[in-house]
There are 2 protein chains.
Amino acid sequence: MKVQLGARSYDILIGRGVMHGAGRTISARLPKARLAIITDETVARLHLERFRDGLDAAGIGHVCLPVPAGERSKSFPVFQSLCEQVLDARLERGDAILAFGGGVVGDLAGFVAASVRRGMSFIQVPTTLLAQVDSSVGGKTGINAPQGKNLIGAFHQPALVLADTALLDTLPDRDFRAGYAEVVKYGLLGDAAFFEWLEVNRQGVFRGGAERDEAVARSCQAKADVVAADELEGGRRALLNLGHTFGHALEAAVDYHTERLVHGEGVAIGIMLAFEFSARLGLLPDLDVGRVKHHLTGAGLPTRLSDIPGQLPPVDVLMDSIAQDKKVSRGELTFILVRGIGQAFVERGVDPAAVRAFLEEKLTQ
Amino acid sequence: MKVQLGARSYDILIGRGVMHGAGRTISARLPKARLAIITDETVARLHLERFRDGLDAAGIGHVCLPVPAGERSKSFPVFQSLCEQVLDARLERGDAILAFGGGVVGDLAGFVAASVRRGMSFIQVPTTLLAQVDSSVGGKTGINAPQGKNLIGAFHQPALVLADTALLDTLPDRDFRAGYAEVVKYGLLGDAAFFEWLEVNRQGVFRGGAERDEAVARSCQAKADVVAADELEGGRRALLNLGHTFGHALEAAVDYHTERLVHGEGVAIGIMLAFEFSARLGLLPDLDVGRVKHHLTGAGLPTRLSDIPGQLPPVDVLMDSIAQDKKVSRGELTFILVRGIGQAFVERGVDPAAVRAFLEEKLTQ
Ligand SMILES: NC(=O)c1ccc[n+]([C@@H]2O[C@H](COP(=O)([O-])OP(=O)(O)OC[C@H]3O[C@@H](n4cnc5c(N)ncnc54)[C@H](O)[C@@H]3O)[C@@H](O)[C@H]2O)c1
Ligand SMILES: NC(=O)c1ccc[n+]([C@@H]2O[C@H](COP(=O)([O-])OP(=O)(O)OC[C@H]3O[C@@H](n4cnc5c(N)ncnc54)[C@H](O)[C@@H]3O)[C@@H](O)[C@H]2O)c1
Ligand SMILES: [Zn+2]
Ligand SMILES: [Zn+2]
């Protein structure tokens, strides 16, 4: 699969075992490059040794820079420390940063790659479902600020994405489910047929095998198409944010404590809120809302604010986060709303009072 | 004057008093944008009030974020704090970061603009000679790492550059001289006629008036031409680094303490070293070396390692910095050398032993 971006086009290789060819695949594209592998401690423990063996066999020099697992590594201090470690390892401009992990590692490593020496080559080897279907493709990188998620970062496209679906065999159920929320998102935002396919094949996707590979490939293709059409998110790409304005506010509300909420769970609840809010505005029948809810709960995903353990902050705090979202401009709230399954659209100038009232009600349910 | 970069083209307005039209000029290009003005405490004291008055008159909302004056503000902690302050001020993607200061403020503010919300509009109002003729044009932004200068950053082009040469009237002599080293650089690297013009008009440039404006305009034009031809420094743009590989190593050697050495002084010494090293390699006559030295010393610029007050580190430390320079690739040293005045070229594979022996000798002179 290829992401078409002119001189910055790149390949995505998907399938069981593609990781084992990594050495050769990388050498062919970046001859003589040395690598700094940014990974998290969990992924390192499970998969790093085998991955390094492959690089050694291909004669690719590398250093490993592990960070603690979890969202809180997407922070300024970790970013700074990684930049300095890459410089200490004497990587040069022609060398590459490789992200070996989930979306956290990918976003963090991508921002490091964008910034060290004003831009180094970048390779993604995503190891979570979420990263394979979403975050590893498209070039968005970044870290979180106290003011909100992903508020500091860069657009920096990878030179190559290697999505080995066998790596997902060790992924905890909860993280697999979270990634599945992003898979469902592609159906809901623009491909009703894919959503129907998921309604039939969900269990196959969770079990692994051919259905899983197909779901990963279709999701990646959907993302690659949108990114190729709109690299810097001037228009259509914004649809990928379905569920994310609400979702990001919820992640901020739990202070990125992944024991309470991980990104994909926030997205699942956010998608439900976007559907319910759209229905409230009379945009789509309640029937569609029910169908989405049924599918997400069937997958074991949370769909209500009350599914988040612990106390949520008052509505003002949530509204504040929403107002800090990158999609806000000139004080106008922009949301991705839906006219039906597979029919998302960008709505500018959404009335903050309506959103507030809606959230207030949901907070008490 | 225009920098031709397709969709990212931008205007540079140069002259006495252009700052006073800033409000209108900015409104015309970025209607309704709010500004975060990043400046340093010295510039703020001298010029900020008048500048803000102009913005107020044009109805442009803005916040001011001053940082301490000097190179040491180009650091991770200051970068982080500025990013967070911009977010706290609730600037959105359509708003802009404005750099009001010298190269330090420009580099720092540019990296903030590149990173907050993955890229905000950026305006440069350079207030030093160096910034007006060099750093404000071309889109290189960044901060320093313990490992060396400008090692963390981004390419981020401004939407507008306003170079008000009247602002230079308050610039301390030492900083004016330092900026003048970059002016001389343009002549030495590719325009012998401009160097000859400077030999005749140097005093006029220092006094102010028409010669100064002309020197700023010719320098900007030279930079804009090179940048338009090679935005990301794949080739020709590297010539702008004449004197900078040595110069950066010297700045690192004094740990960026500007009491001992400022950037432009490092460049002046670096240019001399590049000429002397080239002469040593038999590339150009000693006569040319003498002519450059005469011009730089006449301008009150340092030209020898021993002109730097205090003790310099041993040659190993300097060689280490040189090896960390962004221009290094695959362990090969790349230098900008000269075949004569106005005839710089990129030399790859320079023998480290020759550089080392040369520096060792210079350290004892
Ligand atoms: N850049 C983008 O376009 C984009 C898109 C969507 C999400 N994101 C970001 O992605 C992040 C979420 O990504 P994520 O869900 O992958 O989180 P993650 O990277 O934290 O991974 C989830 C957990 O799974 C573990 N893990 C990873 N691979 C494993 C494996 N093969 N086996 C066992 N455990 C494994 C990790 O250690 C972690 O504990 C968020 O920060 C989100 O903002 C970015
Ligand atoms: N991005 C690029 O392409 C590029 C090119 C060349 C240099 N640089 C960077 O630029 C920096 C050096 O720039 P600089 O020499 O402008 O340093 P600077 O920004 O530190 O300014 C020098 C001093 O002059 C003061 N000052 C600024 N304007 C003044 C005014 N109008 N009146 C009185 N005082 C004033 C400042 O407070 C400071 O003390 C270095 O960090 C260098 O790496 C970047
Ligand atoms: Zn997401
Ligand atoms: Zn310079």
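Residues numbered from 1 in each chain as written. Chains lettered and ligands numbered in written order. Predicted model: local features only at pLDDT ≥ 70, side-chain atom pairs only at ≥ 80, totals over all residues. Heavy atoms only, no water.

Filter applied, for reference: UniProt positions are given in the numbering used here, feature names are shortened, and annotations may be inferred rather than shown by experiment.
Going by the annotation in an unreviewed UniProt entry, the name recorded for chain A is 3-dehydroquinate synthase, with Roseibium aquae given as the source organism. Listed under Subcellular location (unreviewed entry) in UniProt, the entry text for chain A is "Cytoplasm". Chain A has a UniProt comment under Catalytic activity (unreviewed entry) that states "7-phospho-2-dehydro-3-deoxy-D-arabino-heptonate = 3-dehydroquinate + phosphate".

### Quick notes on the coordination of the zinc ion (ligand 3)
Working reference: metal with six octahedral donors, ideal angles 90 or 180 degrees; metal with four tetrahedral donors, ideal angle 109.5 degrees. Residues and elements named next belong to chain A. Note the cut-off: Distances up to 2.8 Å from the metal define which N, O and S atoms are donors, and 3.2 Å serves for Na, K and Ca; water is absent from the atom set, so sites may look incomplete. Each helix is a run of H or I in the DSSP string that is no shorter than four residues. Each strand is a run of E no shorter than two, and both are numbered from the N terminus. Exposure categories follow from relative accessible area, calculated using a 1.4 Å probe and restricted to protein chains: below 20% of the type maximum is buried, above 50% is exposed, and the middle band is partly exposed.
Surrounding the zinc ion (ligand 3) are the protein donor atoms Glu-182 (OE), His-244 (NE2) and His-263 (NE2), which sit 1.9 to 2.2 Å from the metal. Sequence spacing of the donors to the zinc ion (ligand 3): E-x61-H-x18-H. Here the residue His-244 occupies a position in helix H9 (residues 244–253), and His-263 occupies one in helix H10 (residues 263–280), the gap between them amounting to 19 residues. Here His-244 and His-263 have matching classes, each one buried.

### Observations regarding the site of ligand 1
All names here are of chain A. Where we set the bar: We call a residue near a molecule or strand as soon as one heavy atom of that residue lies within 4 Å of the molecule or strand. Definition of a polar contact: a pair of N or O atoms within 3.5 Å, with one able to donate and the other able to accept a hydrogen when the atoms are protein atoms, and with sequence-neighbouring residues admitted only if both atoms are side-chain atoms. For the accessible areas, the method is Shrake-Rupley and the probe is 1.4 Å, while residue cover comes only from the protein chains on display. For every domain, the bounds stem from an assignment made automatically or drawn from a database.
Near ligand 1, the surroundings consist of 28 residues, among which Glu-71, Thr-127, Thr-128, Lys-149 and Thr-170 are the closest. Take Thr-170: an N or O atom from its side chain is 2.7 Å from a nitrogen atom of ligand 1. Surface burial for ligand 1 is 91%, taken as the share of its 870 Å² of free accessible area covered by protein chains. Among the secondary structure elements, those contributing two or more residues to the shell around ligand 1 are helix H2 (41–57), helix H4 (103–115), helix H5 (129–135), strand E8 (148–155) and helix H6 (173–190). For the shell around ligand 1, the leading source of residues is H2, giving four residues. There are two domains that each give the shell around ligand 1 at least three residues, and those are domain 1 (2–170) and domain 2 (173–363).

### Considerations on the coordination of the zinc ion (ligand 4)
Residue and element names in this part refer to chain B. Distances from the zinc ion (ligand 4) to its protein donors, Glu-182 (OE), His-244 (NE2) and His-263 (NE2), fall at 1.9 to 2.2 Å. Read N to C, the donor residues that coordinate the zinc ion (ligand 4) are spaced as E-x61-H-x18-H. Given a relative accessible area of 6%, His-244 falls into the buried group.

### Some remarks on the UniProt feature "domain: 3-dehydroquinate synthase N-terminal" (unreviewed entry) in chain A
If you check UniProt for "domain: 3-dehydroquinate synthase N-terminal" (unreviewed entry), the listed places come out as residues 66–177 of chain A in our numbering. Helix makes up 34% of residues 66–177 of chain A and strand 29%, with an end-to-end C-alpha separation of 25 Å.

### What to know about the sheet that holds strand E2 (residues 10–15) of chain A
All names here are of chain A. Rules: Should DSSP find at least two bridges between two strands, the strands are taken to pair. Contacts are residue-level and defined by heavy atoms, with any inter-residue pair within 4.5 Å sufficient. Axis angles are defined between N-to-C directions and span 0 to 180 degrees, where every axis is a line fitted to C-alpha atoms and, for a helix, only to the segment in contact.
Taken in spatial order, the seven strands make up an open sheet running E1-E2-E9-E6-E5-E3-E4, and their pairing is mixed. Where the open sheet ends on each side, the last strands, each with one partner, are strand E1 (2–3) and strand E4 (62–67). Both E1 and E2 contribute to a ladder of two bridges, which runs antiparallel. Its bridge partner being in E2, Lys-2 is matched across the sheet by Asp-11. Strands in contact with H2 are strand E3 (35–40), E4, strand E5 (96–101) and strand E6 (121–126); relative to E3, the strand with the most contacts, it is inclined by about 155°. Contacts from H4 reach E3, E4, E5 and E6 within the one sheet, and its direction differs from that of E5 by about 170°.

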